[in-house]
Amino acid sequence: MGVSAGVLAIDAGNSKTDVAVVSTDGRVLATARGGGFRPPAVGVGPAVDAVAEAVGRAYAAAGVTSVAHVSACLANADLPVEEEQLAAALEARGWGASVDVRNDTFAILRAGIAEPRGVAVVCGAGINCVGMRPDGRTARFPAIGRISGDWGGGWGLAEEALWHAARAEDGRGGPTALARTLPAHFGLGSMYALIEALHLGHIGNARRHELTPVLFATAADGDPAARALVDRLADEVVAMAAVALTRLELLDEEVPVLLGGSILAARHPQLDDRIGELLADRAPKAVPRVVTASPVLGAALLGLDHLGAPDEVHARVRAAYEGDVTAVRDGA
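It should be emphasised that the depicted structure is a prediction, and the values quoted were computed from it without experimental measurement. (Residues numbered from 1 in each chain as written. Predicted model: local features only at pLDDT ≥ 70, side-chain atom pairs only at ≥ 80, totals over all residues. Heavy atoms only, no water.)

K.L.:
Explain the pairing of strand β2 (residues 17–22) to me, and be specific about the residues and the numbers.
P.N.:
The buried fraction of β2 is high, at six of six residues. Burial along β2 is two-sided: Thr17, Val19 and Val21 facing one way and Asp18, Ala20 and Val22 facing the other are all buried. Direction of pairing for β2 relative to strand β3 (residues 28–34): antiparallel, over a ladder of six bridges. Counterpart to valine 21 in the pairing with β3 is alanine 30. Two successive antiparallel strands, β2 and β3, enclose a turn made up of five residues, where glycine 26 displays a positive phi of approximately 90 degrees. (Buried < 20%, exposed > 50% of the residue type's maximum accessible area, 1.4 Å probe, protein only. Helix = DSSP H or I, 4+ residues; strand = E, 2+ residues; numbered from the N terminus. Pairing = 2+ DSSP bridges.)

K.L.:
Outline helix α2 (residues 44–62), supporting the account with residue identities and numerical values.
P.N.:
An α-helix turns once per 3.6 residues; consequently, residues spaced three or four apart project the same way. Its 19 residues place the ends of α2 26 Å apart at the C-alpha level, agreeing with the 27 Å of an ideal helix rising 1.5 Å per residue. One or two residues past the end of α2 sits glycine 63, with phi positive at roughly 75 degrees. (Expected span 1.5 Å × (residues − 1).)

K.L.:
Mind laying out the packing of helix α5 (residues 153–170) against helix α7 (residues 191–199), listing which residues take part and the relevant values?
P.N.:
Contact pair α5 / α7: the axes reach a minimum separation of 9 Å and the direction vectors enclose 130 degrees. By the angle between their directions, the pair α5 and α7 is classed as oblique. Here Leu162, Ala165, Ala166 and Glu169 of α5 come into contact with α7, specifically with Met191, Tyr192, Leu194, Ile195 and Leu198. Classifying every residue of the contact of α5 with α7 by side-chain character gives eight nonpolar, no polar and one charged. (Axes fitted to C-alpha atoms, helices over the stretch in contact; angles between N-to-C directions. Parallel < 35°, antiparallel > 145°, perpendicular 65-115°, else oblique. Contact = heavy atoms within 4.5 Å. Nonpolar A, V, L, I, M, F, W, Y, C, P; charged D, E, K, R; others polar.)

K.L.:
Just give me the short version of α5, but keep the residues and values in it.
P.N.:
Between its terminal C-alpha atoms α5 stretches 26 Å, which fits the 26 Å expected from 18 residues at 1.5 Å a residue. Buried within α5 are the following residues: Gly153, Gly154, Leu157, Ala158, Glu160, Ala161, Leu162, Ala165, Ala166 and Ala168.

K.L.:
Would you mind going over the packing of α5 against helix α6 (residues 178–185) in detail, with residue names and values included?
P.N.:
Taken N-terminus to C-terminus, the directions of α5 and α6 make an angle of 115 degrees; their axes are 8 Å apart at the nearest point. You can see that α5 and α6 cross each other, and the crossing is left-handed. Each of Ala161, Leu162, Ala165, Ala168 and Glu169 in α5 lies in contact with α6, whose residues at this interface are Leu178, Ala179 and Leu182. Looking at the contact of α5 with α6 residue by residue, the class counts come to seven nonpolar, no polar and one charged. (Left-handed = near helix turned anticlockwise from the far one by under 90°.)

Okay, here's the thing in structure tokens:
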């Protein structure tokens, strides 16, 4: 018989998977990193296989064969039915006595708060928002794209920037420096050339995400169209946060609003300032903060919550992941 540990924490995103084996007293026994978790693209079985490879390495390093609880925060677990399907797939692997699957946004939220109470908005490739209270109540959105009312995220921003730039060049829209800066990023001289390269596959579709930093740089240089897109993203972030706070009846309490994902963690001054201004109006008691700790910490803390671990155990695992949270500019 092998040794049992407390929690197997899994944070599986579209681009990478992090796992950690945590003892019941909060020591991080082993960690491992694997590839992206993309069930819609490859199927549930192969997606879980990729996680299994990282789990196997972590278990071997920790000298364990099972845990008391598996806490998995997974990308693409957007609906309860998807969480149930993925939980069944993880239970079949026999990694632990119990399994809990949540959307990966919950990992970012829990990583940034001392207790399970607050709201998190994540903006990376896409955009999502979740909230929780200690009594187990949660707030969330489907967050599966335009059909669920979403706007924003790196992919959406790149698409919007291309739209404005194309129309500026051919005369259907107003002028914007994006018509120059977007193609210049790829060494091209016009939007027509960039459109052609994207359409014919000379520039891979996945490289469109490279245009989001170009958009922010163009906005920082004062371009009105680019600045308007950044302001609209701030509007979306605050709209999601305010709705989640309202659903959880936290709007009138001092409560953290955690900001995570590559775009929000990049600390763009215009975006930070606009979010702070809008939150001050719509949720005056909210305290915006940027989460920089690894999301797998959040998965571990959620697992320890499930086990009823005391505060000192939570503090020990948090200490293993330094650099938790920083205040938003002028916002905390």
